[in-house]
Amino acid sequence: MPLTQKLMRKSGVIIGLFATFFFTQKSEAQTATELEQIGYLLSDALLYSEQYIIPATDAAVYQASTSWVNSPKKKSKWEVTLGLHTNVFFVPKSDRKFSIQNSDFQFFEIEGATSATVPTALGNGNQVYLVGDLGGEQIRLKTPKGIDQETVVYPYLSGAIELPYGFEFLARYSTKTKLKKGDYQVYGFGLKHNFSQYFPKIEAKNIYFSASAIYSKEDVSFDFLDINTAYGNLGINQLNGLVDTYHFQLSASKEFKKFELITNFIINRSSFQYIVSGETGSIEEVIPIQQVINDLLTQISKDKTNVLGEVSGRYQISKFYVQSSIAFGKFVNGNIGVQYQF
């Protein structure tokens, strides 16, 4: 059994014991049992959330990692570049679904089956019912849908200003993009330094090099489990993944008159945080469900390192530039943008 699954099962027991102990003097034995069952229910929700959302947050890192550097070439001091980009992320089939079976759960069972294939947040709209019994009341819910899109497209704005000594400040911002059953947003900033300026003979051949350090913040959210009980709604009907990513990028380019061919090597380190939210129910008067489950969600928060390659082409039309790129690694991500250089 995977370590995370063991931890989540243990968490369900802990919640149940905590609730039973806390309300010993105010509740009958039956109520204490129900509170313990709520703990198992939450443990199942945690187990499900890990397999459901992690493919989406992994994908979010790729979407935020590419097309940061328009050109490694050094520009004139205080020159400003503004751009409008469209990012296209290609959702891999392998990350669109996962399998569940009754033995995975402590509270729920799959209605009418012992196992099923369900979508991740990147998957389709297929759903199955999960059922359980809480104090003689049936809890029946649909598993969450995925975005049901083979590509994820979102626009964003980029900006850059050339600083002294070959440094360039970079920034990007996207408004919250509405996905089917979810939202996505990214913003960040960075600093690029051109170091081919120290090798005039290389620049004389229209070859340029730079290095960049970048920080970005990704926020991805999805509709999750809408669970109603006699105590009220559990308030876990939205699941958010918050990602802080630090990028390091090496760029090289060759200029052919008005066309520039650019290659990038990108390595990044991401920290993931997961939280549930939603309208709280009267159950919060008994157990602070959202606080407890958010504390437990730290068990699936892991730091990850990704390595990407990127190829980009940039064509000049007066002060306008048209640029497209393709990045590859675990995933494939495309980007096209139009920039104006002041």
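The structure under discussion appears in the preceding block.
Residues numbered from 1 in each chain as written. Predicted model: local features only at pLDDT ≥ 70, side-chain atom pairs only at ≥ 80, totals over all residues. Heavy atoms only, no water.

**Student:** Got a sec to walk through the overall build of the chain? Specific residues and values, please.
**Tutor:** Secondary structure summary: the chain contains four helices and 18 strands in total. With 342 residues in all, the chain has 52% of them scored as buried. A separation threshold of at least 6 residues defines the contact pool for the chain, and within that pool the share at least 24 residues apart is 68%. Counting only carbon and sulfur atoms, one obtains 58% of the accessible surface of the chain, whose full area is about 15,800 Å². (Helix = DSSP H or I, 4+ residues; strand = E, 2+ residues; numbered from the N terminus. Buried < 20%, exposed > 50% of the residue type's maximum accessible area, 1.4 Å probe, protein only. Contact = heavy atoms within 4.5 Å. Areas by Shrake-Rupley, 256 points an atom, 1.4 Å probe, with all protein chains shown as cover.)

**Student:** Can you tell me about the sheet that holds strand β3 (residues 109-110), naming the residues and giving the values?
**Tutor:** The three strands lie next to each other as β3-β5-β6, forming an open sheet whose pairing is antiparallel. Looking at which strands have only one partner, the edges of the open sheet turn out to be β3 and β6 (137-142). Alignment of β3 against strand β5 (residues 129-134), held across two bridges, turns out to be antiparallel. Looking at the pairing, Ile-110 lines up with Leu-130 of β5. (Pairing = 2+ DSSP bridges.)

**Student:** I'd love a proper account of the nonpolar core, names of residues and values included.
**Tutor:** Core analysis: the largest hydrophobic core is formed by 65 residues, its most contacted members being Tyr-52, Ile-100, Phe-108, Ile-227 and Ile-236. Among the elements that take part in this core, helix α2 (residues 29-65) stands out by supplying 18 residues, more than any other. Setting aside chain neighbours within four positions, we find Tyr-52 in contact with Phe-98, Pro-119, Thr-120, Ala-121, Pro-144, Lys-145, Gly-146, Phe-222, Asp-223, Phe-224 and Leu-239. Membership of the second largest hydrophobic core comes to five residues, among which are Trp-68, Val-69, Ala-160 and Leu-170. (Core = buried A, V, L, I, M, F, W, Y, C linked by side-chain atoms within 4.5 Å.)

**Student:** Provide a residue-level description of the pattern of salt bridges, including the pertinent values.
**Tutor:** Overall, the coordinates contain seven salt bridges when judged by the stated rule. When the shortest N-O distance is used, the salt bridge between Asp-58 and Lys-330 registers 3.6 Å. Taken as a pair, Asp-58 in helix α2 and Lys-330 in the loop between β17 (320-328) and β18 (332-341) lie far apart in primary sequence, 272 residues in all. Taking relative accessible area as the criterion, Asp-58 reaches 10% and is therefore assigned buried. When the shortest N-O distance is used, the salt bridge between Glu-168 and Lys-192 registers 2.7 Å. With Glu-168 in strand β8 (residues 167-173) and Lys-192 in strand β10 (residues 182-194), this pair connects stretches of sequence that are 24 residues apart. Both residues of the pair, Glu-168 and Lys-192, belong to the buried class. Through salt bridges with shared partners, one network takes in Asp-58, Lys-304 and Lys-330. (Salt bridge = Lys/Arg side-chain N within 4 Å of Asp/Glu carboxyl O.)

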